[in-house]
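Structural overview for review
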Amino acid sequence: MINIQHFKQVIFSKDSEQIIKEAKEVYKYLLFKDNRVDLYNEIFSTLDYSLILEIPILYILYCKLLKYNKKISKLEYVLNDINKLDLSNQSESEKLFFESNILLCESYLYKNKKNCVEFSLEKLYKSLEKTETNDYILLFEIYYELGSIYLSLFRISDSLLYFKKSKYYILDEYITANIIILRLKLNISNALLMKNKLSDYSQELKKIELFIQKSDLDQSYLIFYYDSLISLFFYKNNKKLLIDTSNKAILLFDQCLNLSSFMPYIRISIYLILMNELEQSKILISKIEEKFKLLEPPPKIRFFLYALNIIFYYKTNNINMSKIWVDELGKLFELNYENEYSIAIFYANFLLENNNITKAEEINFSISDFISSSDSDILKLQLDLLNIVIEYKKGYKNKAILNLKEKLFLAQKEWNVGIFLNSNTILLNMINEIYNESLNKKNILDSNFLKEIISYSNEKFDFNNYLTEKEIEVLKLVEQKNSNKEIANILFLSVNTIKTHLKNITKKLNVNTKKNAVIKAKEFLLI
């Protein structure tokens with residue numbers, strides 16, 4: 001563990017040899033520990049910049065701390081001073097080249113300068129082919145960071161390639177910190193999720209579980225594992241395990257006070273809402289909002305927090321509050337949303353919910369080229385579903401239904417239910433229509449797969465108000481195999497009145513027969 005006060009004393013002693021020795025130890029721990037904010041605030045924020053430029057390892061540490069603390073403009077300024085350093089030591093020079101170019105890539109990525117990112121990556125790749133360094137920590141970090149950069153660019157195959165290369169250097173005696181190994185394993189599993197390979201994703205998480213059992217990890221780090229596990233349960237529609245794991249994650253909440261744990265809890269809350277676990281999600285949302293007041297989350301986290309509020313109010317039928325948060329998200333999007341592709345799709349879906357087709361199409365157009373060129377299958381599927389809803393809203397209903405059937409068929413191979421929940425009621429109503437069709441005639445789609453998707457639609461909250469008490473009473477008697485005449489006698493009504501009730505019921509439930517009305521009513525626990 002880093003002794004910050006001791007390191008501070010060494011730096012102010014101005015003993016170059018001792019500073020270099022201590023800085024190398026700090027650098028090693030910096031890969032593994034979450035004490036980067038303290039290091040920056042207590043030492044580097046007030047350190048004489050000329051001293052930083054005198055010692056390359058201090059310069060690297062300073063740049064990394066600027067990155068970790070999201071001071072990107074300052075980082076770009078400092079990276080321009082690299083030529084002021086003494087680079088007579090060959091190994092130090094090579095290390096600095098790799099480190100500075102990785103940092104440049106990350107700063108370009110943060111500012112959405114994708115062409116600059118590609119140029120820096122090309123330089124790095126050529127240099128890696130030529131390097132003869134045996135610095136395992138450096139090589140581990142380069143490959144790990146490259147994997148992370150490609151993951152951010154949604155170039156998933158490249159990301160997996162570099163993450164797997166970095167695994168080789170875990171064998172070195174220095175790379176023994178369990179937290180960095182856990183992060184690497186979780187990044188590999190997340191890349192598999194983005195490729196929509198749920199079976200491989202599940203297998204990778206089982207390996208991570210075994211690793212955690214053998215490790216002495218701090219409990220607060222388990223939130224990142226629970227986050228990945230809950231994502232699997234959401235997509236595979238394992239509601240019981242999702243709730244159980246969410247409860248474990250909530251118990252860890254007070255131990256996770258840094259910004260990096262914000263996103264897992266927001267994601268878990270969204271999954272709980274989409275699975276209609278509103279009470280549990282409400283508890284978690286209140287905790288997140290309390291933490292939000294104490295910290296200053298970057299725009300990325302704000303995007304997801306606004307999305308969380310939109311979904312919660314929409315699911316609880318507070319449409320006015322939902323629209324207010326949609327407007328707030330729109331204001332944030334006006335600043336920059338190009339890097340937030342999944343949130344852009346989410347926002348467009350809610351614009352369609354509010355019949356704002358023009359704005360939804362505008363967002364769709366702005367992100368389509370990038371997503372199409374990526375190899376994130378799950379992101380491409382989300383975009384395809386958005387396009388299907390736009391087609392439907394513009395009146396091309398038959399074409400939209402046909403395209404949706406194709407996507408459903410592909411998704412049912414991995415039993416990916418969750419991808420359809422994270423959309424809008426328009427899509428769910430279309431799936432409901434396809435499901436009703438599957439009850440009446442043969443279909444290549446599995447009706448159980450469709451049934452699992454529509455069981456989470458907003459209809460679950462509306463039906464009790466939708467059907468009158470008398471209509472529910474009539475349905476219960478239909479379920480008991482009573483004829484229209486028998487139902488009329490039991491309820492002291494005319495047969496024509498019963499027929500009118502049944503006509504209203506089938507229309508409200510969007511089915512063709514009273515038999516299917518009973519089936520659907522049972523699905524939504526109305527009878």
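For the structure itself, consult the block above.
Residues numbered from 1 in each chain as written. Predicted model: local features only at pLDDT ≥ 70, side-chain atom pairs only at ≥ 80, totals over all residues. Heavy atoms only, no water.

**Structural notes on the overall build of the chain**
Inclusion rule: Elements are defined by DSSP. Helices are runs of H or I of four residues or more, strands are runs of E of two residues or more, and each kind is numbered from the N terminus. Using a 1.4 Å probe on the protein chains alone, a residue whose accessible area is under 20% of its type maximum counts as buried, one over 50% counts as exposed, and one in between counts as partly exposed. Working rule for contacts: check all heavy atoms of both residues, and any pair within 4.5 Å makes them a contact. Each accessible area value is a Shrake-Rupley result obtained with a 1.4 Å probe; residue values ignore everything except the protein chains displayed when judging cover.
Looking only at helices and strands, one finds 30 helices and 0 strands in the chain. Within the chain, buried positions represent 56% of all 527 residues. Intrachain contacts of the chain at a sequence separation of at least 6 include 68% that bridge at least 24 residues. Roughly 25100 Å² of accessible area belongs to the chain as shown, and the carbon and sulfur atoms make up 50% of that amount.

**Comments concerning the packing of helix α13 (residues 222-235) against helix α15 (residues 262-274)**
Here is the rule we go by: Each axis is a line fitted through C-alpha atoms, taken for helices only over the stretch in contact, and angles between the N-to-C directions span 0 to 180 degrees. For classification purposes, an angle smaller than 35 degrees is called roughly parallel, one larger than 145 roughly antiparallel, one from 65 to 115 roughly perpendicular, and anything else oblique. Should the near helix be turned anticlockwise from the far one by less than a right angle, the crossing is left-handed, and should it be turned clockwise, the crossing is right-handed. Amino acid classes used here: Ala, Val, Leu, Ile, Met, Phe, Trp, Tyr, Cys and Pro are nonpolar; Asp, Glu, Lys and Arg are charged; the rest, including Gly, are polar.
At their nearest, the axes of α13 and α15 sit 10 Å apart, and the two run at 25° to each other. Considering the angle they form, α13 stands roughly parallel to α15. Taken as a pair, α13 and α15 cross one another with a handedness that is left-handed. The residues of α15 that touch α13, namely those facing I223, F224, D227, I230, S231, F234 and Y235, are P264, Y265, R267, I268, Y271 and L274. Considering only residue class, the contact of α13 with α15 consists of 10 nonpolar, 1 polar and 2 charged.

**Considering the environment of N196**
The condition is simple: Throughout this description, a polar contact denotes any pair of N or O atoms lying within 3.5 Å of each other; where both atoms belong to protein, one of them has to be capable of donating a hydrogen while the other can accept it, and for residues adjacent in sequence the pair is counted only when both atoms sit in side chains.
You can see N196 is positioned in the loop between α11 (178-194) and α12 (198-214). On the basis of relative accessibility, which here comes to 17%, the residue N196 falls in the buried class. For the pair N196 and Y235, spaced 39 residues apart in sequence, the C-alpha separation works out to 9.8 Å. Ignoring anything within four residues of it in the chain, the contact list for N196 reads D377, I378, L381, E414 and N416. Separated by 2.9 Å, the side chains of N196 and N416 make a polar contact.

**So, helix α29 (residues 495-508)**
Rule in force here: How far a helix is expected to stretch is found by multiplying one less than its residue total by 1.5 Å. Directions drawn from the helix axis to the C-beta atoms are what define this arc.
The terminal C-alpha atoms of α29 lie 20 Å apart, and with 14 residues this matches the ideal 20 Å at 1.5 Å per residue to within 8%. Among the residues of α29, those classed as buried are I498, H501, L502, I505 and T506. Buried residues in α29, looked at end-on, bunch into an arc of 130°, giving them a common side. Among the exposed residues of α29, those pointing more than 90 degrees away from its buried face are N496, K503 and K507. Directly beyond the C-terminal end of α29, a positive phi value near 60° is found at N510.

**Side note on the nonpolar core**
Quick note on the threshold: For the purposes of this section, nonpolar cores are sets of buried Ala, Val, Leu, Ile, Met, Phe, Trp, Tyr and Cys residues that join through side-chain atoms within 4.5 Å.
L404, L408 and F420 are the most contacted members of the largest nonpolar core, which has 140 residues in total. With sequence-adjacent residues up to four places away left out, F420 is seen in contact with L385, L404, K407, L408, A411, L427, L428, I431, F449 and I453. The next biggest cluster of nonpolar side chains, apart from the first, holds 32 residues, and it includes I11, I43, L61 and L103.

**Remarks on the packing of α11 against α13**
Following both chains from N to C, one finds α11 and α13 inclined at 20°, their axes separated by 11 Å at the closest point. Between α11 and α13, the angle falls in the class roughly parallel. As α11 runs across α13, the sense of the crossing is left-handed. In contact with L186, S189, N190 and L193 of α11, α13 contributes F224, Y225, S228, S231 and Y235. Here the residues of the contact of α11 with α13 sort into 5 nonpolar, 4 polar and no charged.

**Some words on the packing of aromatic side chains**
This is how the line gets drawn: Ring pairs shown here join Phe, Tyr and Trp side chains whose ring centres sit within 6.5 Å, with only the six-membered ring taken for Trp; geometry is labelled stacked below 30 degrees between planes, edge-to-face above 60, and tilted in between.
In total, this model carries 18 aromatic pairs according to the counting rule given. Ring plane angle 75° and centroid distance 6.1 Å describe the contact between F154 and F370, whose orientation is recorded as edge-to-face. Pair noted here: F154 is in the loop between α9 (136-152) and α10 (156-168) and F370 is in helix α20 (residues 357-373), with a separation of 216 residues, a long-range link. Accessibility assignment for this pair places F154 and F370 in one class, buried. Summarising the aromatic geometry, the rings of F312 and Y313 are spaced 5.7 Å apart at their centres and angled 75° between planes, so their arrangement reads as edge-to-face.

**Some words on the pattern of salt bridges**
Threshold: Each reported salt bridge corresponds to a side-chain nitrogen of Lys or Arg within 4 Å of a carboxyl oxygen of Asp or Glu.
If you walk through the whole model with that rule in mind, you get 13 salt bridges. Between K207 and E204 there is a salt bridge, with its nearest N and O atoms 4.0 Å apart. Separated by 3 residues within a single helix, K207 and E204 lie in helix α12, roughly one turn from each other. Exposure remark for E204: the relative accessible area of 12% places this residue in the buried category. A salt bridge links K331 to E328; its shortest N-O distance comes to 3.2 Å. Here the residue K331 and the residue E328 both occupy positions in helix α18 (residues 319-335), the gap between them amounting to 3 residues, near one helical turn. On the accessibility criterion, K331 (52% relative accessible area) is exposed. Overlapping salt bridges bring together E118, R155 and D158 as one network.

**As for the side chain of S120**
You can see S120 is positioned in helix α8 (residues 114-130). In this structure S120 comes out as buried when scored by relative accessible area, which is 3%.

**Topic: unusual backbone geometry**
The phi torsion at N237 lies on the positive side, around 60°, for a residue other than glycine. Assignment of secondary structure puts N237 in the loop between α13 and α14 (239-251). At N276, a position not held by glycine, the phi torsion is positive, near 65°. For N276, the position within the fold is in the loop between α15 and α16 (278-294). A relative accessible area of 12% places N276 in the buried class.

**Here we look at α12**
With 17 residues, α12 extends 25 Å from end C-alpha to end C-alpha; this agrees with the ideal 24 Å at 1.5 Å per step. Of all the residues in α12, the buried ones are L198, Y201, S202, E204, L205, I208, F211 and I212. Tucked inside the fold, the buried residues of α12 contact α11 and α13.

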